[in-house]
Amino acid sequence: RKREEAVICGFCGNGIAMGKSLCQRCGRYSSHDVPGGMLKDEDFVDVCDVQAMAVPRIATGEWWDKAFNGGFVPTMTTLMGGSPGAGKTTILLQIGVKVAQVTGRPTYFISAEQDKGELKLTIDRLKLPLERGMLRVLNKMGAGGAIDENIFKAVPPGMFILDSVTALCGKDKEGQVL
């Protein structure tokens, strides 16, 4: 049996298992295989030499699928920006409920700016077809806590929404949302 190789964290030099990008030692994400993150010319290829690859998507049948090239890629991260009151939370709730319907798995919604009662008021106003187990919100709003990954092993998410990243990081410019 072939031994699985490890890559090296580009920040601290710790070994990271293949297919993973989070370093268990320093807690930073790395896509580098050289300490210090120094990329060399041989680390790049001409895109003309790359074989196109179809990516599985979660299609909801809604208008936003077109904006995401046919649906959401299960591993994608999207940052949505806009002025306060522009409707970011409203559209995220709509998308979250629809993804839960399509995947049969709940959307986890962590809000640092709106209480669970405010979120429920928006859901009721939008008349979203919400059923028990589709949308999980924190009992208390806020930031600063780590999430026990066993929660997601027990009830895997269809989608995970952080609202808002700025509020969750606070004034810590080095803050990371993990």
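Residues numbered from 1 in each chain as written. Predicted model: local features only at pLDDT ≥ 70, side-chain atom pairs only at ≥ 80, totals over all residues. Heavy atoms only, no water.

Draft legend 1. A look at the overall build of the protein chain. Tallying secondary structure elements over the protein chain gives 5 helices and 5 strands in all. Across the protein chain, helices and strands are ordered from the amino to the carboxyl terminus as β-β-α-α-β-α-β-α-β-α. Sequence-distant contacts in the protein chain: of pairs separated by 6 or more residues, those separated by 24 or more amount to 55%. When the accessible surface of the protein chain is split by element, carbon and sulfur atoms take 54% of a total near 12,900 Å². (Helix = DSSP H or I, 4+ residues; strand = E, 2+ residues; numbered from the N terminus. Contact = heavy atoms within 4.5 Å. Areas by Shrake-Rupley, 256 points an atom, 1.4 Å probe, with all protein chains shown as cover.)

Draft legend 2. Looking closely at the environment of Ala 17. Its location among the elements puts Ala 17 in strand S2 (residues 15-17). On the basis of relative accessible area, Ala 17 is assigned to the partly exposed category, the value being 40%. (Buried < 20%, exposed > 50% of the residue type's maximum accessible area, 1.4 Å probe, protein only.)

Draft legend 3. Inspection of the pairing of strand S3 (residues 107-111) at higher detail. The buried count for S3 comes to 5 of 5 residues, which makes it a mostly enclosed element. In the classification by handedness, the crossover that spans S3, the intervening helix H3 (residues 116-126) and the parallel strand S4 (residues 135-137) is right-handed. Here S3 pairs with strand S5 (residues 159-163) via 5 bridges, running parallel. If you follow Thr 107 over to S5, its bridge partner there is Met 159. (Right-handed = clockwise from strand over helix to strand, strands pointing away. Pairing = 2+ DSSP bridges.)

Draft legend 4. Fine view of the packing of aromatic side chains. Overall, the coordinates contain 5 aromatic pairs when judged by the stated rule. Their ring planes at 85° and their centres at 5.5 Å tell us that Phe 152 and Phe 160 sit as a pair that is edge-to-face. Assessed through its relative accessible area of 22%, Phe 152 is described here as partly exposed. Within the aromatic cluster, the residues linked to one another by ring pairs are Tyr 108, Phe 152 and Phe 160. (Phe/Tyr/Trp six-rings, centres within 6.5 Å; stacked < 30°, edge-to-face > 60°.)

Scope: geometric values only; no functional claims are made or implied.
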